[in-house]
Amino acid sequence: PPLSASFNAHLKTRLDTVSTAVSLLLRGDISLRGERLVVEDERGLNDREVLALLARVYGNVKVFCREYQRVLGRRLRAKALGGSFEADDDVRDLELVKLRFGDADLRDAEVMVKDVEDSRRFLKMLKATGVKALVASHVFWPDVGGGKEMAKPYGAVAERWEAFRREWEHLKKPRQLRLEGGEASVSLDLGGVERVVR
C-alpha cells in the first residue's frame, strides 16, 4: 500500500531512517527469513513489503546497500582489532541481504568479506611475525583511511611489521601492502618479578 507524501517526506528528512532499517534488518526485527513484522498502523507486512516500501520512498535500494556496507565494515574491523578473523556469520548475513537487495549493489561488501577470509588464510600461512593484520582492499571499504597513511611504527613493532609486509608481498606479488587508516591495537606483555600482566 502506498504511503502518504507527507510520511515519505518525513522518512527522507530523518537522519536515522536508513541506518535504523539496516540495523533492524541485521538484528532480525525486519526478518531476513520472511517472518511477519507489525508496523505502526498494525498491518502485518513481511520484510519484502517493508523493504519495497522503503525502496519506493528513496527511489532505489542503493542507499540501504551503502549503509549495510558501512555497518559491515565497522563490524569486520572491530572483530579484526579484537584478533578474530571469523566471518561465517557475516557471509551468511551477506547472502541473505543479497536475496533482499540483489547482487549488483553489494559487490564491495563481497570484497570486504573476502578480505577478512583471505587475511585469516594468510595469517595461517605466514611465518610467526607476531602481527595479526586485516589486509583490506581499501578502495572497496567505506571509511577506511581516507587515503591517509598511518604514522610509522617504531622499534620492535616496526621490525615485526616489516617482516610481515615482506612476507605478505612475497606471497602476493606484485601487490604492495601499506598501513592506512589509523586503526590498530597492540598487545604487550609486561613482566614483573612475580607475574606477567597482559
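Let us look at the structure shown here. Being a predicted model, the structure only gives us computed values, none of them experimental.

So, the packing of aromatic side chains
Applying the stated criterion to the full structure yields three aromatic pairs. Note on F64 and F101: the rings are 6.2 Å apart at their centroids and 15° apart in plane angle, and the pair reads as stacked. In this pair, F64 sits in helix α4 (residues 62-81) while F101 sits in helix α5 (residues 88-101), placing the two residues 37 residues apart along the sequence. Judged on exposure class, the residue F64 and its partner F101 are both buried. Look at W161 and F164: their rings are 5.8 Å apart centre to centre, the planes differ by 25°, and that puts the pair in the stacked class. On the criterion of helical spacing, the pair formed by W161 and F164 is a turn pair, its members being three residues apart in helix α7 (residues 155-171).

Examining the pattern of salt bridges
Within the structure shown, the criterion is met by 14 salt bridges. Of the charged contacts, one joins D90 and K79 as a salt bridge, the two residues approaching to 2.5 Å between their closest N and O atoms. With D90 in helix α5 and K79 in helix α4, the pair connects residues that are 11 residues apart, well separated along the chain. The exposure class assigned to K79 is partly exposed, which follows from its relative accessible area of 25%. Put simply, E162 and R165 hold a salt bridge, and the shortest N to O gap is 2.6 Å. A residue pair is termed a helical-turn pair when its members lie 3 or 4 positions apart in one helix, as E162 and R165 do in helix α7 at three residues. A single salt-bridge network, built from bridges that share partners, covers R75, K79, D90 and D93.

Thresholds, definitions, all that
Residues numbered from 1 in each chain as written. Predicted model: local features only at pLDDT ≥ 70, side-chain atom pairs only at ≥ 80, totals over all residues. Heavy atoms only, no water. Phe/Tyr/Trp six-rings, centres within 6.5 Å; stacked < 30°, edge-to-face > 60°. Helix = DSSP H or I, 4+ residues; strand = E, 2+ residues; numbered from the N terminus. Buried < 20%, exposed > 50% of the residue type's maximum accessible area, 1.4 Å probe, protein only. Salt bridge = Lys/Arg side-chain N within 4 Å of Asp/Glu carboxyl O.

Function cannot be read off these values alone, since they describe shape.
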